[in-house]
Structures are given as structure tokens and as C-alpha cells.
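Spelled out, the chains give:
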Amino acid sequence: MTLIIVIAVVALLVLWVIGVQNKLVKSDEFCNNALKQINVQQISRYDALQALIKLTREYASYEADTLQKIVDARKITSSPAPTAADIDANEKVLGEIGAKLIAVAEAYPDLKASANYQQTMKDIKDYEENVRLSRMTYNDTVTRFNQQVRSFPTSAIAGILGFAKRDYLADDVSKKDYPVI
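To keep things clear, this report deals only with the structure shown in the data block.

Conventions we followed
Residues numbered from 1 in each chain as written. Predicted model: local features only at pLDDT ≥ 70, side-chain atom pairs only at ≥ 80, totals over all residues. Heavy atoms only, no water. Helix = DSSP H or I, 4+ residues; strand = E, 2+ residues; numbered from the N terminus. Rg over C-alpha atoms; globule rule 2.2 N^0.38 Å. Buried < 20%, exposed > 50% of the residue type's maximum accessible area, 1.4 Å probe, protein only. Contact = heavy atoms within 4.5 Å. Lys, Arg positive; Asp, Glu negative; His and termini not counted. Charge placed at Lys NZ, Arg CZ, Asp CG, Glu CD. Phe/Tyr/Trp six-rings, centres within 6.5 Å; stacked < 30°, edge-to-face > 60°. Lys NZ or Arg CZ within 6 Å of the ring centre and 35° of its normal.

1. Quick notes on the overall build of the chain
Along its length, the chain carries six helices and zero strands. Along the chain, helices and strands appear, N-terminal first, in the series α-α-α-α-α-α. Since a compact globule built from 181 residues should have a radius of gyration of about 16 Å, the 23 Å found for the chain marks it as more spread out than a globular shape. Residues classed as buried in the chain amount to 36% of the 181 residues present. A fraction of 79% describes how many contacts in the chain between residues 6 or more apart in sequence connect residues 24 or more apart. The centroid of the 22 positive side-chain charges in the chain is displaced by 5 Å from the centroid of its 22 negative side-chain charges.

2. Focus: the packing of aromatic side chains
Applying the stated criterion across every chain yields a total of one aromatic pair. Between Phe145 and Phe163, the ring centres sit 6.4 Å apart and the planes meet at 65°, which makes this aromatic pair edge-to-face. Taken together, the positions of Phe145 in helix H5 (residues 115-150) and Phe163 in the segment after helix H6 (154-161) put the pair 18 residues apart, joining distant regions of the chain. Considered together, Phe145 and Phe163 belong to a single accessibility category, that of buried residues. Here the basic side chain of Arg166 rests over the ring of Phe145, its NZ or CZ set 5.9 Å away from the ring centre.

3. Regarding the side chain of Gln148
With respect to the element layout, Gln148 can be found in helix H5. Those residues in contact with Gln148, other than ones at most four positions away along the chain, are Lys23, Leu24, Ser27, Thr154 and Ser155.

Structure, rendered in C-alpha cells:
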């Protein structure tokens, strides 16, 4: 009888560990997916910035060439498994490129009045908003994951299985001053 009780307790413990592991894997995958979603939005915004450079070339080839050199020197990463640091680095690069493009456009009223310019700026603004919302989603997902990883008794299993606390995306205070059309 004692052997049956011991086997039942061990079986329950094994089932509990499997359940915890599955829950942690699911949460970890949600975090990975949220980062990839941000990366996709950043690449789309980068493409819109490239379109703005082409538009600028029609009005001022010197500035467009200078901007293209800046963009080429600061490629964003599109890793299949981006990290929070990759995403933050991309945000910095995209912010620098966007600010320089807007400064150039200010010097050319015809460019700024162009319907193509206005549509491209609207697209960039939409991508900015998508990235902002995706960043919030990622940080919320990381909060739930980190709570699981740090809460006892799950923390004991998480440590044994190699699950560690994830980093949050940094707040980008420079976005508060980003110009709007």
C-alpha cells in the first residue's frame, strides 16, 4: 500500500512539473513572438523611410544621397530571434533616420506639400504607432513571464529547466519630441 502511495505522489509530482514546464514554454514563446512582431513593424517603418529618401531625391539629390549614406551606415537588424537589446538598438537607429529626414523635408516646402510625402509620413506615423503598441504588448507579456519565473514553487522548476527572467524594452523618451505632420 505504501508503495502505491509513493508511486502516486511521484506521478503527481512529475505531472505537475510537466504542466509547469509547458506553461513556461508557452509564456516564453509569447515573449519571442511579441519581439518578432516589433521587428516586423520596424522593418516596415524602415522601408517607409527608404521610400521617403527616394521622394527626397526628386527634390534634393544631395540631401537624399547624404541620407542614404546615413541609412546604409545604420542598418537595422532583422534577426530571426531578436533580443530586447536588438529592438532597442533598432528604435534608436530609426529615430535618428526619421529625425534627419524630417529636417530635410522642412527645408523643401514643395516636398513637404507633395501628396506622396504626406502619404509616406502617414505610413511612417502608422508604423510608429504599431511599434509603440507592440512594445507595450511585449512588456506586458514579459511581466507575466517574469512573474511565473520568479514565483515559488514555479521558480524552482524554471531555474532547473533554464528559464530566466527576461529584459524589458527600454522607454524611449526621445519619442515624446518626435515631430508630427
